Amino acid sequence: MNEEIDEYEIYHQDFTTASEWEVLIARLEEVIVEWHLSKSKITKKCSEFTKKWTVKTEEIKFRSLNFTLSYCYQEPVKILDSDMNSDEQSLLTDLHDSLWNSTTNFMADTECTPYPVSNWFGLKRYLMLCPKTPLTDGSIIKLVMSSVNIAFANVDCGVPFFVKIREHWQQTFLGIYEDNDYKISFDMIHLKRISNQCSHLSGLVSLFKSKISSPVPLDTVVISTKFSYELKDSEAFAWRKRTQSNEFLSIDGFDVRKLTELPFGSEKNPLHSALLNAIWPHFRESAIVDSSTFSDIDPLMAPTWTITLKLRNNINCQLSDIIGKVMDLLDNNTLIMDILGLSRSLGLVNPLNRITKAPITISKLVKAAVGRNSHISEFKGPITDDLLMPLLYYVFPDAVEDNTFPYSKGLDIETRRDSTDSKLCSYVKTSPEDGLVWRLSVTSARLMEAGGLPYVAHFWYEFTQELQYRWEHRILLSGVIDGAPNARTCLLHQKLQLLNCCIKRAQEGDVNANGNSSEEEFFDCSEGEGAEDQLPWDRPVGRLNRLENATLKSGVPLYVPRTQDPAPKTEDQLEEDAELMVRMGDNAKASELRAKMMSASLLSDMEAFKAANPGAELCDFVRWYSPRDWKPDDGGSLGDRMLLPGNPWVEAWTVARPVPAARQRRLFDEAREAEQVLHFLKSRTVGGVAELLLPALLRAGANKAISEGAPATSSSIGGVDKRRTFEIAARELYEAEKEACRAICVRKVLGNSAEGQPLDVAGRSRVLNAMGAGLPAPTRREFTLRVKDDVGPQIMRAALGSDMTIIGAFTERIVCL
């Protein structure tokens, strides 16, 4: 009798379930196939490549470990034979060529690449499996490497495959590449201590030969060696000592010319150390003996010396230091006159209170000296008169007859440059080089460095008082571009341009008051036009000239009227107007008010046109003022835009009276505008003054940096506020100043030789003399060993310093049993 057997008591093993190890292999194969990296899919590339690297990544998990699989490849200049797939032999040949060519460089000569293996082995493309946490367990490393080997073989991968092992800072990698006949092993070892066998060249040669599977004939190993020496006694090299930036404030030997030169460069020697590389680029193993008991490697006999410089981490750059001190004032909300205790005396609580009572100015001092002014308000600031007056005469050279620093007659801002010619800080609004704003900003910055904020406040106070005096006495400012405020210049320069406009208008008014003006001249009707039949109030007034052969709708000639010039405005006034219009809202009343604000100049021109052309109609005005809104066909008529309901032109024409420009209410009130400019400058906070001075100071600093050899490249910015623009420009100047310091160091240390290039005989002598005719112990020794056998290039590199790193690429023939 058969016993019943419970089938669930029988042990079943499911051989279809994949293990974690198999899942890892399958996942690696899947990604490699997806990226088309099998030998049959990789297309043949050209031999020229760009310096740009592209990286594809994919996340992979194995047990509790997270990996990132990356495909790193250098973009080719041009793809050749794109339809032709590369065979195994061509891929192996390209790889061997890259390995051999890479030996012309040393391990330390790395560029910006995703992983150092690209430089160490000359690779243009490779796969890298990098764990998120350090891979230090030996059994796990073996398991991962076996998975990589299997996946590589299964998909017939066409690029080298690396795995990062050990601690991340050790930069240790293991890699493979195989085809049907050959295998390349990329081996690497890193030790914190140098083993006795590998501490000299003889031991490294023995190790190298033992790694090569085929016998190596004697004296066939080619070696390159580089010994690096850190020369820390940088003071031994010649260095240009700085001149104290506040020496110009010394009464003895005072020279204002020193103000024209912004300090530049490092206050102290910026050089931390110089790295000297003694290089033997190519010799046989028997040419030099280097063992544990004897070495004839002499750095003084090295064929090539190169030097690279290392600057200090925090270089105290003089120009950047001055700019930084001014920028630190941006957050200071104290009134500039409060620093001197003058806010109450100047009536700054009320904008127009006692603002015209100006204390001491340059011009008053000059007149007092010749006895023409005996009433001078005494104010003693921190800067003594012996130093203050030459500084003010530098900014206002026309205040004295025998001026030493006159402004150029052809002041102008920089012309528009080609887009390829970008200068430092070119995005910062400028002012005329060596103009009034330029000199004021540079002088204020120097005073800030020498005497701090009280000196700047005193100098700004004297500057505003001189502006007040010039407005009252109708004296134009020199060192400022003529004309209306130029939006391409900084705000302070625009304000001074506006003040000059006010002074010019006031001068014209004074001339008119004396009866010398031609503004009131009338242009009577010519004979035959019936002028005598017109009533007195219908007589034409304010005519400039006749408009060619044009006639009014009534048939009489059309005359161009004299009109008022539009009121000049600075950029902050335009912003205020725009903000006011936005705040009005969008209802009907707001729209009407906006139209009146915008049509003030239009109404003035209409009134002048009516005065010059009695009996004119709106169509006559439009024909002259806006020809595109005039239809000349069929005797002429208004354009469609003028016929829209509620057109402001129609409303303005209705209310316009025949008033010539000379009798109209002025669009530009020079007295009010001048007082506003003066109050604006006098009532600035410390931060407000710094904001006005910084644009010219930054551009002056940029010019100084370029003259000192700094690279003349500039950032491209847009859509950032003024504060952020200043910060970007200051950072750009600091980086340029550091590069210029490096260039100065290179010239002082290397002479005519270039950094990183072989030194000439004079350069080697200079370095030896600076170091006392001897060199310290090497901080790093590098050896590159290479040989070409019948299999392929065999390469090993060793870097010996405080630790030891050895890497190698060894090719062997696969023997099929």
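Before any of the text, the structure's been laid out above.
This section reports on the structure supplied with the text.

1. Let's talk about the overall build of the protein chain
Here is step 1: Helix and strand content of the protein chain: 20 helices and 16 strands.
Here is step 2: Looking at the protein chain as a whole, 47% of its 817 residues are labelled buried.
Here is step 3: Sequence-distant contacts, at least 24 apart, represent 74% of the contacts inside the protein chain between residues at least 6 apart.

2. Considerations on the environment of Arg-781
Here is step 1: Locating Arg-781 in the fold gives a position in strand β14 (residues 780-788).
Here is step 2: Once the C-alpha coordinates of Arg-781 and Thr-225 are considered, the two residues, 556 residues apart in sequence, prove to be 7.4 Å apart.
Here is step 3: Dropping the residues within four chain positions of it, Arg-781 is found in contact with Ser-199, Lys-226, Phe-227, Ala-798, Ala-799 and Leu-800.

3. What about the side chain of Asn-613?
Here is step 1: Position of Asn-613 among the secondary structure elements: in the loop between α14 (600-612) and α15 (618-625).
Here is step 2: The exposure class of Asn-613 is buried, given its relative accessible area of 2%.
Here is step 3: Setting aside its immediate chain neighbours within four residues, Asn-613 contacts Leu-552, Pro-557, Leu-558 and Tyr-559.

4. Structural notes on the sheet that holds strand β6 (residues 182-191)
Here is step 1: Taken in spatial order, the 12 strands line up as β1-β2-β3-β4-β5-β6-β16-β15-β14-β7-β8-β9 in an open sheet, and their pairing is mixed. Each edge of the sheet is formed by a strand with only one pairing partner; in this case those strands are β1 (49-62) and β9 (304-311). Each strand axis lies, on average, 15° off the axis of its neighbour in the sheet, ignoring direction.
Here is step 2: The pairing of strand β7 (residues 222-231) with β14 spans seven bridges and is classified as antiparallel. Bridge assignment links Ile-223 to a residue of β14, and that residue is Leu-785.
Here is step 3: Strand contacts of helix α19 (residues 722-750): β8 (271-284) and β9, with the helix running at about 145° to β9, the strand carrying the most contacts.

5. A short note on the pairing of strand β10 (residues 543-551)
Here is step 1: Alignment of β10 against strand β11 (residues 557-561), held across four bridges, turns out to be antiparallel. Across the sheet, residue Arg-543 finds its bridge partner in β11, namely Pro-561.
Here is step 2: Once β10 ends, the chain turns through five residues before running back antiparallel as β11, passing Gly-555 with a positive phi of about 105°.

6. Structural notes on the environment of Trp-305
Here is step 1: As for its position among the elements, Trp-305 is in strand β9.
Here is step 2: A relative accessible area of 1% means that Trp-305 is categorised as buried.
Here is step 3: It is 8.9 Å that separates the C-alpha atoms of Trp-305 and Gly-756, two residues lying 451 residues apart in sequence.
Here is step 4: Sequence-distant contacts of Trp-305, defined by excluding residues within four places in its chain, comprise Leu-276, Asn-277, Ala-278, Pro-299, Leu-300, Gln-757, Pro-758, Leu-759, Arg-764, Leu-768 and Leu-775.
Here is step 5: A distance of 2.9 Å separates a polar atom in the side chain of Trp-305 from the backbone oxygen of Pro-299.

7. Topic: the packing of aromatic side chains
Here is step 1: Counted under the stated rule, the structure contains 25 aromatic pairs.
Here is step 2: Between Phe-621 and Trp-649, the ring centres sit 6.1 Å apart and the planes meet at 55°, which makes this aromatic pair tilted. Residue Phe-621 is located in helix α15, and its partner Trp-649 is located in helix α16 (residues 648-655); the two are separated by 28 residues in the primary sequence. As far as burial versus exposure is concerned, Phe-621 and Trp-649 are alike and both buried.
Here is step 3: Taken together through their ring pairs, the aromatic side chains of Phe-609, Phe-621, Trp-624, Tyr-625, Trp-649 and Trp-653 make up a single cluster.
Here is step 4: It is Arg-474 that lies over the ring of Trp-471; its NZ or CZ is 4.4 Å from the centre.

8. Examining the nonpolar core
Here is step 1: Membership of the largest hydrophobic core comes to 86 residues, with the highest contact counts inside it found for Trp-460 and Leu-681.
Here is step 2: At the level of secondary structure, the elements contributing two or more residues to this core comprise α6 (318-327), α8 (385-395), α9 (436-451), α10 (453-472), α11 (491-513), α17 (670-682), α18 (686-707) and α19.
Here is step 3: A total of 12 residues in this core trace back to one element, the largest contributor, which is α18.
Here is step 4: In this structure, Leu-65, Cys-72, Ile-141 and Val-791 belong to the second largest nonpolar core, which totals 59 residues.

9. A look at the pattern of salt bridges
Here is step 1: Counting across every chain of the model gives 22 salt bridges.
Here is step 2: Ionic pairing is found between Lys-704 and Glu-708, a salt bridge with its closest N-O pair at 3.4 Å.
Here is step 3: The class of Lys-704 is buried, set by a relative accessible area of 13%.

10. Observations concerning unusual backbone geometry
Here is step 1: Of note, Cys-425 is a non-glycine position whose phi angle comes to about 55°, a positive value.
Here is step 2: Note on Cys-425: relative accessible area 0%, which makes it buried.
Here is step 3: The phi torsion at Asp-434 lies on the positive side, around 60°, for a residue other than glycine.
Here is step 4: Note that Asp-434 resides in the loop between α8 and α9.

11. Section: the pairing of strand β16 (residues 804-813)
Here is step 1: Counting buried residues in β16 gives eight out of 10 residues, a clear majority hidden from the surface.
Here is step 2: Of the pairings in the sheet, the one linking β6 to β16 comprises 10 bridges and is antiparallel in character. Within β16, the residue paired with Ile-189 across the bridge is Ile-806.
Here is step 3: Counting the residues between successive antiparallel strands, the hairpin from strand β15 (residues 793-800) to β16 contains three residues.

12. Things to note about the packing of helix α1 (residues 20-34) against helix α4 (residues 138-155)
Here is step 1: Here α1 crosses α4 at 45°, and the two axes come no closer than 9 Å. Judged by the angle between their axes, α1 and α4 are oblique. Handedness of the α1/α4 crossing: right-handed. In this structure, α1 contributes Trp-21, Leu-24, Ile-25, Leu-28, Glu-29, Ile-32 and Val-33 to the contact, and α4 contributes Leu-143, Ser-146, Ser-147, Val-148, Ile-150, Ala-151, Asn-154 and Val-155.
Here is step 2: Looking at side-chain class alone, the contact of α1 with α4 contains 11 nonpolar, three polar and one charged residues.

Cut-offs and rules
- Residues numbered from 1 in each chain as written.
- Predicted model: local features only at pLDDT ≥ 70, side-chain atom pairs only at ≥ 80, totals over all residues.
- Heavy atoms only, no water.
- Helix = DSSP H or I, 4+ residues; strand = E, 2+ residues; numbered from the N terminus.
- Buried < 20%, exposed > 50% of the residue type's maximum accessible area, 1.4 Å probe, protein only.
- Contact = heavy atoms within 4.5 Å.
- Pairing = 2+ DSSP bridges.
- Axes fitted to C-alpha atoms, helices over the stretch in contact; angles between N-to-C directions.
- Polar contact = N/O pair within 3.5 Å; in protein donor to acceptor, adjacent residues only side chain to side chain.
- Phe/Tyr/Trp six-rings, centres within 6.5 Å; stacked < 30°, edge-to-face > 60°.
- Lys NZ or Arg CZ within 6 Å of the ring centre and 35° of its normal.
- Core = buried A, V, L, I, M, F, W, Y, C linked by side-chain atoms within 4.5 Å.
- Salt bridge = Lys/Arg side-chain N within 4 Å of Asp/Glu carboxyl O.
- Parallel < 35°, antiparallel > 145°, perpendicular 65-115°, else oblique.
- Left-handed = near helix turned anticlockwise from the far one by under 90°.
- Nonpolar A, V, L, I, M, F, W, Y, C, P; charged D, E, K, R; others polar.

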